[in-house]
Amino acid sequence: MSYELGVALGIAVLGTLQAMFYRSSLPDLSALPDHARTAVVESLAAGSHVLAGAGDQEAQVLAAARNAFAQSMQVTSTIAAVLLVVAGVIAWKAVPSRRGPDLNA
């Protein structure tokens, strides 16, 4: 049960961080209509759907949103890797090991 809780919390926390980094990296969207702005802020997938086949300005916003998504994924992945290393070090130090000449006995 603790494993499942840890997985669920990890996904929730990292997903929230990724969304936060994505939204903070978006360019100025004030030139877009309200529905398009809402879609781009909601997710890259929704923004891509709304802005597909639109004009030059929308294509530039979509490219910037893709860049923001990629950057946010890189930052979130780095945070996850650091947390994994920290958890590994804690487990290595905290979990007792039986060291001695007679390990197979």
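Quick caveat, the model's predicted, so the values are computed rather than measured. (Residues numbered from 1 in each chain as written. Predicted model: local features only at pLDDT ≥ 70, side-chain atom pairs only at ≥ 80, totals over all residues. Heavy atoms only, no water.)

(A) How the structure looks around the UniProt feature "transmembrane region" (unreviewed entry) in the protein. Per the UniProt record, "transmembrane region" (unreviewed entry) is annotated on residues 75-95. For residues 75-95, helix accounts for 95% and strand for 0%, while the C-alpha atoms at its two ends are 30 Å apart. (UniProt positions renumbered as here; feature names shortened; annotations may be inferred. Helix = DSSP H or I, 4+ residues; strand = E, 2+ residues; numbered from the N terminus.)

(B) Representation of a nonpolar patch on the surface within the structure. A grouping of Tyr-3, Val-7 and Ile-11 is seen on the molecular surface, where their side chains present a nonpolar patch of about 340 Å² in accessible area. Examined against the element boundaries, Ile-11 turns out to sit in helix 1 (residues 2-25). Using a relative accessible area of 61% as the deciding quantity, one classes Ile-11 as exposed. (Patch = residues over 30% accessible without salt bridge, like charges linked within 9 Å, V, L, I, M, F, W, Y side chains within 5 Å. Areas by Shrake-Rupley, 256 points an atom, 1.4 Å probe, with all protein chains shown as cover. Salt bridge = Lys/Arg side-chain N within 4 Å of Asp/Glu carboxyl O. Buried < 20%, exposed > 50% of the residue type's maximum accessible area, 1.4 Å probe, protein only.)

(C) Structural context of the packing of helix 2 (residues 34-42) against helix 3 (residues 44-51). The N-to-C vectors of helix 2 and helix 3 enclose an angle of 150°; their axes lie 5 Å apart at closest approach. Where helix 2 crosses over helix 3, the two elements pack in a sense that is left-handed. Taken together, the residues of helix 3 that come into contact with helix 2 (itself represented by His-35, Ala-36, Ala-39, Val-40 and Glu-42) are Ala-46, Gly-47, Val-50 and Leu-51. Class assignment of the residues belonging to the contact of helix 2 with helix 3 gives a composition of six nonpolar, two polar and one charged. (Axes fitted to C-alpha atoms, helices over the stretch in contact; angles between N-to-C directions. Left-handed = near helix turned anticlockwise from the far one by under 90°. Contact = heavy atoms within 4.5 Å. Nonpolar A, V, L, I, M, F, W, Y, C, P; charged D, E, K, R; others polar.)

(D) The nonpolar core, seen in detail. Counting 12 residues, the largest nonpolar core is built from Tyr-22, Leu-26, Leu-29, Leu-32, Ala-36, Val-40, Leu-44, Leu-51, Val-61, Leu-62, Ala-65 and Ala-68. Secondary structure elements with two or more residues in this core: helix 2, helix 3 and helix 4 (56-94). Ranked by the residues each element gives to this core, the list is headed by helix 4, at four residues. Filtering out sequence-adjacent residues up to four positions away, Leu-44 remains in contact with Tyr-22, Leu-62, Ala-65, Arg-66 and Phe-69. (Core = buried A, V, L, I, M, F, W, Y, C linked by side-chain atoms within 4.5 Å.)

(E) View of the packing of aromatic side chains. Scanning the entire structure with this criterion turns up one aromatic pair. An angle of 75° between the planes, with centres 6.2 Å apart, marks the rings of Tyr-22 and Phe-69 as edge-to-face. Taken as a pair, Tyr-22 in helix 1 and Phe-69 in helix 4 lie far apart in primary sequence, 47 residues in all. Judged by relative accessible area, which is 4%, Tyr-22 ranks as buried. (Phe/Tyr/Trp six-rings, centres within 6.5 Å; stacked < 30°, edge-to-face > 60°.)

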